[in-house]
Each structure stands twice: as structure tokens, then as C-alpha cells.
Amino acid sequence: MGSIDRYIFRTTLASFALVLVSLTGVIWITQALRGIDLMTSQGQTIITFLGITSLVIPALVLIIAPIALMIAVSHTLNKLATDSEIIVMNAAGFSPFRLFRPFFYATCMVALLVTFIGSYLAPDGLRRIKQWDAEITADVLTNILQPGRFAQLDQNLTIRIRERQPGGVLAGIFVDDRRDPKERVTIIADHGTVLKNETGSYLVLEDGNLERFETGKRDPAFVAFVRYAFDMSKFSNRGRDVALGIRERYLWELISPPEDDPIYKQLSGQFYAELHDRLLAPVYPFAFAVLTFAFLGTPRTTRQSRNFSIGGSILAVFGLRMAGFACSVMAVKTPAMALVQYSMLFGAIAIGMWMIVGGVVVEPPAALMEAINRSNARLARLFGRPATA
């Protein structure tokens, strides 16, 4: 790799890293704010909150990396064109295809990163999130039950405690249980403790009253008790068995899923679509880089506008990515759409390479430019300003 190649390679990767970190940071903040209830309603620490929300970053990078590469290639080419370096290199014998070489090296680095993230890092982060969430839920009796707060452990089940006392005693316990549509149970106890044994976990309530209001009956039933055990095993056992979803599977698990996997039997189409989406993830950086260079990599003078080429590259990349998403969704029920996605991506790369090798300059049609100039002239006359040539 020569000095020019190293210069372009470093500039492209530096721009890529800056854009990737910026975009990922912004999107991560918006995603992290959705999990703020982890600290508010579930009583978790800031370390737990940051740990769980940061595990989603690899999945974000998997989508953002090709877009960041496109922006980096555009920035580097625009910088080279502004400083007239593309024209100088072209006059020195650099063809557009030769100039594309350092961008190809940078794209290979990004593709390797995307391959590693898509095959291992992103699913590993997602399954860690699910496992961590299960452990938090399993530890509901010590973490979610915060003094003075109404904690909704399940749909139609709310528990509140007034304070925690030494020895693990919970004082001032209120339980509102409406999970059974045929009755509503309200319990108020002076104090209680958590009991865990081989049979499960129980909230043992002492010195309280139980009110049971059954559907169809006029008056509720009141029961005063000295000791009452409220079963909490459902919540304590929730984190023991974690069923992995499709996005939490490693690439090799998608390639060869177990035949007796109940999720695979039920959602085989989604397994198929996710597999091909992972396999095509490293191809998107090449498609985006080739299309961007095809629009912006040809030599132009500083007097020639690059706005049309920039807009064309953005539309081409955006259309290709949206079509890829659509094919992934349709491949769940129509497996042939995966082949359409392969054809679309490699076809875009072939067209872009043809434009690069042939030195095709993307310029707006003359009729379009004449229409724009006439429109500018009319606007200038309308506002009383002389039209510029």
C-alpha cells in the first residue's frame, strides 16, 4: 500500500469511526431512555442500567456501520475533490478504479467488523440482556419492592411496602391481586418476611386482613389472619429458564438449528429470513461503498457541482437498504425473496463497478438543468433581483 493509499485509507477509517460513534451514541441514548424505568420502578442501580442498555450497542452497530461507511466515503471523496486532489491523481495516471483501491481496503475492514458482530457479538449481547433481565425479575422480592412505591409485579398484581426493617422484615404491606377475573383480593398486613425453600418463594404476612370480592356477589368476604403465605414462586422462578429468540441465536445456530427446537418448528420462516439477513450483512458495506464511489469518485473541477451526485448516491443507498429490509420481511413467508435480495445487492455492486471501471460521470440531464435555471430566473425576477449567469 503506497503513501496515497495509506492517506486515503486512514482518512476514510477515521471518518468512519467518528460517524459510527456519533450515530450509535445518539441512537443508543434514545433506546436507553426507554429503559429508564429499570432504575425508577424496579430499583436498579445506574451501573445495572448502563450495563444492560450498553449490550444493545452491537446490534445498533450492525445496522449503522454500512451507513457510517457511506458517509465516510462521501466525506473523503468530497475532501479530495475540494482540494483538487482527485484531478491531480487522475492527471498522474490514477484511474477511478485505481483510486477505489484504498476505499476497498477500508470496506474490507468494515465488512470484517460487521461479520464478527453479526455472527457472534450482537446475538451474544442480546442474550445477555435477556438473561440479565430474567435475573432482575427473579430477584423481584429484594429489588423491585421499594419502600413507599407501588410495584406492579405482573398484570393486575400490585404490591406496596411502607418500609424495610432490620432482619429482612417488611412493614406495612399492601397487596392488590386482580389476576383472577372472577375475584379481587386485597390484603393489608402489619408486617411480613420473605421465605424461600425448595417448594418456592413466599411472602409470609402476619397480623392482617384479607378482603375477597367475588364477581356476582354483593358483599365482599373479610378474613382476619395471624399468618398468611402469599405465593411468589412465579416471579422467583421466571429467570431460571430463558428461551432464546431468533435474534439471540449465533450464526452457526441459525445455519444448523436443532430439529427438536420448539421455536424453530414454530418459526422456521423467521429462522430462514434471519439467516440470510446475517449472511448479507457484510455485503452491504461493499454495496454502499461501490455506489457512493461510482457517483462521487470521478474527477471533476471545482466549478462543477457535485450536489446532484451526492443526492443520487444517498437515494441509491437509501433505496437499496429499504428494499433489503422489505425483502427480509417478505422472506419469512416467501423464501424466494432471499434470492431477490442477493440478486439486488450483487447487481448493485456490479453496476457500480461498471460505472467505476468505465469512468462514468453522473451528471444531471441537460433538460433538468435548463428547467432549474429557468425557475431560478423567474424567482429572481419575482423578487426584483437580477438573475446570475
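This section reports on the structure supplied with the text. Keep in mind it's a predicted model, so treat the numbers as computed, not measured.

Considerations on the pattern of salt bridges
Where charged atoms of side chains with opposite charge meet at close range, the side chains can pair.
Working step 1: Under the defined criterion, the tally for this structure stands at eleven salt bridges.
Working step 2: Where arginine 128 meets aspartate 124, a salt bridge forms, and the shortest distance between an N and an O atom there is 2.8 Å. Residue arginine 128 and its partner aspartate 124 are both found in helix H6 (residues 96–138); the two are separated by four residues, about one turn of the helix.
Working step 3: Arginine 128 sits in the partly exposed class, given a relative accessible area of 47%.
Working step 4: Where glutamate 274 meets arginine 278, a salt bridge forms, and the shortest distance between an N and an O atom there is 2.9 Å. Pair noted here: glutamate 274 and arginine 278 are both in helix H11 (residues 268–280), with a separation of four residues, about one helical turn.

Considerations on the side chain of threonine 158
Working step 1: Tracing the backbone through its elements, the reader meets threonine 158 in strand S2 (residues 157–165).
Working step 2: Setting aside chain neighbours within four positions, we find threonine 158 in contact with Phe150, Ala151, Gln152, Phe174, Val175 and Asp176.

Looking at a nonpolar patch on the surface
Working step 1: On the surface, a nonpolar cluster with roughly 360 Å² of combined accessible area is contributed by Ile63, Phe318, Met322 and Phe325.
Working step 2: Tallying contributions element by element places helix H13 (residues 307–330) first for the nonpolar patch, with three residues.
Working step 3: Relative to the helices and strands, phenylalanine 318 resides in helix H13.
Working step 4: Taking relative accessible area as the criterion, phenylalanine 318 reaches 52% and is therefore assigned exposed.

Here's the deal with the packing of aromatic side chains
Working step 1: In total, this model carries eleven aromatic pairs according to the counting rule given.
Working step 2: Arranged with centres 6.3 Å apart and planes meeting at 80 degrees, the rings of phenylalanine 150 and phenylalanine 174 form a pair that is edge-to-face. Within this pair, whereas phenylalanine 150 is found in strand S1 (residues 150–154), its partner phenylalanine 174 is found in strand S3 (residues 169–177), the two being separated by 24 residues in sequence.
Working step 3: For phenylalanine 150, a relative accessible area of 58% translates into the label exposed.
Working step 4: Aromatic pair phenylalanine 225 and tyrosine 228: ring centres 5.5 Å apart, planes at 40 degrees, arrangement tilted.
Working step 5: Taking relative accessible area as the criterion, tyrosine 228 reaches 28% and is therefore assigned partly exposed.
Working step 6: Each member of the aromatic cluster is reached from another via a ring pair, and the members are Phe116, Tyr120, Tyr250 and Trp252.
Working step 7: Its guanidinium or amino end placed over the ring of tyrosine 250, arginine 127 lies 4.1 Å from that ring's centre, counting from NZ or CZ.
Working step 8: Over the ring of phenylalanine 325 we find arginine 321, and its NZ or CZ is 4.0 Å from the ring centre.

Structural notes on unusual backbone geometry
Working step 1: Positive phi outside glycine occurs at aspartate 207, with the angle close to 55 degrees.
Working step 2: One can find aspartate 207 in strand S5 (residues 200–214).
Working step 3: Residue classification places aspartate 207 among the partly exposed positions, given a relative accessible area of 43%.

A look at the packing of H11 against helix H14 (residues 336–358)
Working step 1: The geometry of H11 relative to H14 is characterised by a closest axis approach of 10 Å and an angle of 15 degrees between their N-to-C directions. Our classification of the angle between H11 and H14 gives roughly parallel. By crossing handedness, the relation of H11 to H14 is classed as right-handed. Where H11 abuts H14, its residues Tyr272, His276, Asp277, Leu279 and Leu280 lie against Ala338, Gln341, Tyr342 and Leu345.

Thresholds applied
Residues numbered from 1 in each chain as written. Predicted model: local features only at pLDDT ≥ 70, side-chain atom pairs only at ≥ 80, totals over all residues. Heavy atoms only, no water. Salt bridge = Lys/Arg side-chain N within 4 Å of Asp/Glu carboxyl O. Helix = DSSP H or I, 4+ residues; strand = E, 2+ residues; numbered from the N terminus. Buried < 20%, exposed > 50% of the residue type's maximum accessible area, 1.4 Å probe, protein only. Contact = heavy atoms within 4.5 Å. Patch = residues over 30% accessible without salt bridge, like charges linked within 9 Å, V, L, I, M, F, W, Y side chains within 5 Å. Areas by Shrake-Rupley, 256 points an atom, 1.4 Å probe, with all protein chains shown as cover. Phe/Tyr/Trp six-rings, centres within 6.5 Å; stacked < 30°, edge-to-face > 60°. Lys NZ or Arg CZ within 6 Å of the ring centre and 35° of its normal. Axes fitted to C-alpha atoms, helices over the stretch in contact; angles between N-to-C directions. Parallel < 35°, antiparallel > 145°, perpendicular 65-115°, else oblique. Left-handed = near helix turned anticlockwise from the far one by under 90°.

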